Amino acid sequence: MHTDIISADMPAIHRKVREFRAMSPEVREQPQTLLAFMPAYARMDTLEQKSLESREIARLFRRARAHLGHTGINNGVYLAALAATLQNMEEQIYEHFRSVEDLLVEGARAWLDSGALADPLSLYAIQTGIEEHWLDPERYGPALERALLVLSPQGNGRAVVLEAAERSQL
Amino acid sequence: MKILYVSSRSVTVLLDESGHYEARSPLRLRLNGEDRGSVSRSVESLFGLWPQTCYILEATAEDGRTDQVEFETLPEFCTLNVRDFGAAGDGITEDTAKIQAALLCCPEGGRVLIPEGRYLTGPLFLRSGITVEIARGAVLQMLLDRASYPILPGTVRSTDEQEELILGMFEGNPLPCFAGAINGFDIHDTALIGEGVVDGRAQDSDWWDSPKDRVGGAFRGSLFYLQRCRNITVQGITFRNSPCWNLHPAFSEDLDFLNIRISAPYTSPNTDGFDPESCCRVRLLGAEISVGDDCVALKSGKVYLGRRYHIPCDQVEIAYCAMLDGHGGVTAGSEMAGGVLNVRVHHCYMRGNDRGLRIKTRRGRGKFGVIDHIRFEDVLMDGVKIPLVVNALYYCDPDGQTSYVQSREPLPVDEDTPRIGTLIYERVQALRCRGCVAYVLGLPERPVERIVFADCSFDFEPSAEPVPNPAMADGVEPVANQGILLHYVDRVDLRGTRITGISGQMVECTQVRALNS
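Residues numbered from 1 in each chain as written. Chains lettered and ligands numbered in written order. Predicted model: local features only at pLDDT ≥ 70, side-chain atom pairs only at ≥ 80, totals over all residues. Heavy atoms only, no water.

### Section: empty space enclosed by the protein
In this structure the tally under the stated criterion is five cavities of 30 Å³ or more. Computed from the structure, the largest cavity encloses a volume of approximately 90 Å³. Taken together, the residues that form the lining of the largest cavity break down as seven nonpolar, three polar and two charged. Size it by volume and the second largest cavity reaches roughly 50 Å³. (1 Å grid on protein atoms, 1.4 Å probe; cavity = no way out; pocket = protein on both sides within 12 Å on 5 of 7 lines; lining within 4 Å. Points joined across faces, edges and corners; volume = space filled by probe spheres on them. Nonpolar A, V, L, I, M, F, W, Y, C, P; charged D, E, K, R; others polar.)

### As for the environment of L148 of chain A
The topology assignment puts L148 of chain A in helix α9 (residues 137-151). When residues no more than four places from it in sequence are discounted, the contact partners of L148 of chain A are L123, G157, R158 and V161 of chain A. (Helix = DSSP H or I, 4+ residues; strand = E, 2+ residues; numbered from the N terminus. Contact = heavy atoms within 4.5 Å.)

### Observations regarding the interface of chain B and chain A
Each partner contributes to the interface: chain B provides 22 residues, whereas chain A provides 18 residues. Each partner contributes to the roughly 1700 Å² buried at the junction of chain B and chain A, and carbon and sulfur atoms together form 44% of this total. Applying the counting rule to chain B against chain A returns seven salt bridges. Across the pair R55 of chain A and D416 of chain B runs a salt bridge whose closest N-O atoms are separated by 3.3 Å. When contributions to the side of chain B that touches chain A are tallied by element, the ones reaching two or more residues are β16 (155-157) and α2 (304-309) of chain B. (Buried area = accessible area lost by both parts, 1.4 Å probe. Salt bridge = Lys/Arg side-chain N within 4 Å of Asp/Glu carboxyl O.)

### A word on the layout of surface pockets
Over the atoms, a rolling probe the size of a water molecule traces out where space has been left empty. Within this model, the largest pocket holds a volume of roughly 1300 Å³. Taken together, 45 residues form the lining of the largest pocket, with E91, F97 and W134 of chain A together with P176 and R214 of chain B sitting closest to its centre. Sorting elements by how many residues they give to the lining of the largest pocket places helix α7 (residues 94-113) of chain A first, with four residues. As a volume, the second largest pocket reaches approximately 430 Å³.

### Quick word on unusual backbone geometry
Leaving glycine out, the prevailing phi sign among residues is negative, and the prevailing peptide bond configuration is trans. The linkage connecting G333 of chain B with the following residue, S334 of chain B, adopts the cis geometry, with an omega of -5°. Of note, S334 of chain B is situated in the loop between β33 (328-332) and β34 (340-346). Of note in the backbone geometry, A116 of chain A takes a positive phi value of approximately 50° without being a glycine. Mapped onto the fold, A116 of chain A is located in the loop between α7 and α8 (120-131).

### A few points about the packing of aromatic side chains
Per the stated rule, a full pass over the model turns up 17 aromatic pairs over all chains. Between F178 of chain B and W207 of chain B, the ring centres sit 5.4 Å apart and the planes meet at 70°, which makes this aromatic pair edge-to-face. In this pair, F178 of chain B is assigned in strand β18 (residues 177-178) and W207 of chain B in the loop between β21 (197-199) and β22 (224-227), connecting sequence segments 29 residues apart. Assessed through its relative accessible area of 1%, W207 of chain B is described here as buried. Taken together, the ring pairs connect F224, F239, F257 and F274 of chain B into an aromatic cluster. We note R55 of chain A situated over the ring of Y404 of chain B; from NZ or CZ to the ring centre the distance is 5.4 Å. Above the face of the W50 of chain B ring, R9 of chain B is positioned so that its terminal group lies 4.7 Å from the ring centre. (Phe/Tyr/Trp six-rings, centres within 6.5 Å; stacked < 30°, edge-to-face > 60°. Buried < 20%, exposed > 50% of the residue type's maximum accessible area, 1.4 Å probe, protein only. Lys NZ or Arg CZ within 6 Å of the ring centre and 35° of its normal.)

### A short note on the sheet that holds strand β6 (residues 54-61) of chain B
Residue and element names in this part refer to chain B. Strand order across the open sheet formed by four strands is β4-β3-β6-β7, with antiparallel pairing between neighbours. Of all strands in the sheet, those with a lone pairing partner are β4 (34-41) and β7 (66-72), marking the two edges. Recorded for the sheet is a direction-independent mean angle of 25° between the axes of neighbouring strands. (Pairing = 2+ DSSP bridges. Axes fitted to C-alpha atoms, helices over the stretch in contact; angles between N-to-C directions.)

### A few points about the nonpolar core
Among the nonpolar cores identified, the biggest contains 117 residues, and F224 and I318 of chain B are the most heavily contacted of them. Not counting residues within four places of it along the chain, the set of residues in contact with I318 of chain B comprises L284, V296, L298, M323, V330, R344, V345, H346 and C348 of chain B. Membership of the second largest hydrophobic core comes to 53 residues, among which are I57, M89, F97 and V100 of chain A. (Core = buried A, V, L, I, M, F, W, Y, C linked by side-chain atoms within 4.5 Å.)

Now the structure itself:
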């Protein structure tokens, strides 16, 4: 989870950020790119206590959301990117933190309304959102539990979610 | 004489309209013919009155002049004494639940009495329509362990996820914070009166360690905290050693703070005295403040709250107060995204503050971040290093030192650009200044609109030590014995104003459109 990034040294984070900055604007706004790079980007910003990038992070997610459209925001990669980025953002730059949080809530609602698909990365995002108090446990908790059972009828859904998150280096 | 406030058990009166915090001479008071001793403040409060009773208050000056005023105290339905609810008041037994029970049982029109004693307590929550009296000799000693304090979530989304409820606030953002010592949420017509003390005891706890961080799941709270309240009065109470800001009313209106005392060590972190945030019709009269940060700071959200709700701090009167130790006597900002408007500071005494009036903002606060119509009238300053500082490039906080905030090149005026309108200094007398009369740093793309100095006098200490950082912005040089230093100002009116003891010019201008003197 995000502790991987916390424990990473700054040179590694900077390498990752440089790699991200070398990408074209179109690629940067892809959910897969956001998932791979935004948590480190946010972490760098927080660790350096400058919060130069909060605005840019929020802007990239808003652009991604516009590309996905309302029917696409239950996308598991996008939702996981939002949740993992929020975990690393400086909450005291609240306007941008809140902007990303609002996108997560909107996406979670879409996930719920579209049948709460048992996609591991979606479930990672919902579970993280509940744990971090960004999502209402009463609204999303029961659907999460049901989806975890669909994901793994044997009852180890959380382990499957964890594996998926680790594969995505979250 | 003028009656400022009457409760069932107390009165606050303006005794000397032309005094500062101190009246021009001591006054002998008689209440219904009974001697109430000599007083020295321009605004005084008397306690121990009886409900629904007519009184005649006489004040006699040393020269024999006498003035009098009549008033009638308000009715009161009953008194609930917290001792009758089991409060021990021994400083050892925790009394939180007992005091809170009395507060919850008290009907509208009733009084909760906290008599003499030392009450070990956690946060208390007020309710509407009651008077709470912390009597002389009573001290609310706040618990030292932050784990004993409820956490107020920053925001709670409504059930349909379309709206939000704001509960906790920290430095202008809705973030989880520990409850204050005394809290009010959505209450009205409530008074907290008396000569007692609310003691946060932060010096004996860990509140002042890692002051900017979430510790134990939340940020620091205050000693008196309001959210969405109206018609609230605080009279006579002493607040000391707060974990963070001392008094923090937010999104509230019609608030009176009369003859309160606020103290915290000069070195304590962010222990602002009185910080109304997005509040309307606020009076702070006859207060004495000595703290570790700004004595009074008028606020309206850092960015998010200002933009979402655009509720300014509006119609604020600060009068007959003493601002002693503290960075700024009266400050607007830096959390001002909803605006700070129509502020009148008059007949105050400021001693030894770093700044008299301090305006703090920066790019990014947004178009609702307007500071306008701020007046200082008949203010006496002694030993204030710099009487006026205006800084539109304020660099504190994580995002303050970016090139966007600190650029001296004009940037496009847009949704993120704050505005500073008219600031008026009239009949301000400042003795023993050290740095400069005024250091004004506006935005290159949106200069400060107008500054007026009328009938003021500024006298400097000879050969004063330089004051570093007159404005907290990049590239600002120390100042010593200098006049009015202006950068990016539209118009300055200077009339009847005298400056003595400076080296160099009375006014030094950079990018000032009009200087009228």
